[in-house]
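# Breakdown of the fold
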Amino acid sequence: MFAISPHLRLLFPQLAAELHEGKSGISMPETLALRMAIYPHRTARLTGPVYSQRVLGTREHYNTFAEVYFPPLAWVLTAWERGTPFSGVESVLDRQGWAVANEWVRFGEDVTSVDLRDLCRRIPVVRHPLADPSEWVEMYSDEATPFLEGLVPL
């Protein structure tokens, strides 16, 4: 994620240093959430920070620092809202029930097995929230947000 969004090194220097050092048992900042879902689609997408808001239909937002959609999984690094909607609008990640994988980064090399049912109760199957771009407004910086999209060969 830090390769996708280099400015995260400035926002979260301790996390960046721990990842760079290959430290065992990384401490995730309380203001971040690593979210995960099952993504069974052929389109891959890697981006840096993006803020999107649905303008047609249900009001909700999609606010990320970085995202990796590569089958069979999707990973999103986002602000951790802890039950309070961002700007009074529900997160599409919360509505879809994306798993929070923050605890996963705390395991060190000494952990050889973990029951996945203890890490997350449900992992949803999703498509990219902006799969229908006509419903969304997507905002990003030309200077800080790389985009890489394409089809994954079968």
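To start, this report covers the structure provided alongside it. Since the structure is predicted, the reported quantities are computational estimates derived from the model, not experimental observations.

### Remarks on the overall build of the chain
Assigned secondary structure in the chain consists of four helices and 10 strands. Ordered by position from the N terminus, the helices and strands of the chain form the series α-α-β-β-β-β-β-β-β-α-β-α-β-β. Put simply, the chain has 154 residues, and 40% of those count as buried. The long-range fraction of contacts in the chain, counting pairs at least 24 apart against all pairs at least 6 apart in sequence, stands at 70%. Accessible area for the chain stands at about 9,000 Å²; split by element, carbon and sulfur atoms hold 57% of it.

### Quick notes on the packing of aromatic side chains
Overall, the coordinates contain four aromatic pairs when judged by the stated rule. With a centroid separation of 5.1 Å and an interplanar angle of 75°, the aromatic rings of Tyr 39 and Tyr 69 are classed as edge-to-face. You can see Tyr 39 sitting in the loop between strand E1 (32-38) and strand E2 (43-47) and its partner Tyr 69 sitting in strand E5 (residues 66-70), a full 30 residues away along the chain. Each ring, one from Tyr 140 and one from Phe 147, has its centre 4.8 Å from the other, and the planes form 65°; the classification is edge-to-face. Given the relative accessible area of 42%, Tyr 140 is considered partly exposed. On the basis of relative accessibility, which here comes to 32%, the residue Phe 147 falls in the partly exposed class. Chaining the aromatic ring pairs together yields one cluster made of Tyr 39, Tyr 69 and Trp 98.

### Quick word on the sheet that holds strand E9 (residues 136-139)
Taken in spatial order, the four strands line up as E7-E4-E3-E9 in an open sheet, and their pairing is mixed. In this open sheet, the two strands that pair with only one neighbour each are strand E7 (90-91) and E9.

### Some remarks on the sheet that holds E5
Read across the sheet, six strands follow the order E8-E1-E6-E5-E2-E10 without closing on themselves; strand pairing throughout is antiparallel. The sheet is open, and its two edges are formed by strand E8 (99-100) and strand E10 (147-151), each paired on a single side. Pairing of E2 with E10, which is carried by five bridges, proceeds in the antiparallel orientation. Bridging from a neighbouring strand, Thr 47 pairs with Phe 147 of E10.

### Structural notes on a nonpolar patch on the surface
Judged by side-chain polarity, Val 55, Leu 56, Val 137 and Met 139 come together as a nonpolar surface patch covering roughly 340 Å² of accessible area. Residue position: Met 139 is located in strand E9.

### So, unusual backbone geometry
Trans is the prevailing form of peptide bonds, just as negative phi is the prevailing case for residues other than glycine. Following Pro 71, the chain continues to Pro 72 via a peptide bond in cis, the omega torsion being 20°. Looking at the element boundaries, Pro 72 is found in the loop between E5 and strand E6 (73-79).

### As for the side chain of Ser 52
Positionally, Ser 52 belongs in strand E3 (residues 50-54). Take Ser 52: its relative accessible area is 0%, and that puts it in the buried class. Setting aside its immediate chain neighbours within four residues, Ser 52 contacts Glu 60, His 61, Tyr 62, Leu 130, Trp 136, Val 137 and Glu 138.

Parameters at a glance
Residues numbered from 1 in each chain as written. Predicted model: local features only at pLDDT ≥ 70, side-chain atom pairs only at ≥ 80, totals over all residues. Heavy atoms only, no water. Helix = DSSP H or I, 4+ residues; strand = E, 2+ residues; numbered from the N terminus. Buried < 20%, exposed > 50% of the residue type's maximum accessible area, 1.4 Å probe, protein only. Contact = heavy atoms within 4.5 Å. Areas by Shrake-Rupley, 256 points an atom, 1.4 Å probe, with all protein chains shown as cover. Phe/Tyr/Trp six-rings, centres within 6.5 Å; stacked < 30°, edge-to-face > 60°. Pairing = 2+ DSSP bridges. Patch = residues over 30% accessible without salt bridge, like charges linked within 9 Å, V, L, I, M, F, W, Y side chains within 5 Å. Salt bridge = Lys/Arg side-chain N within 4 Å of Asp/Glu carboxyl O.

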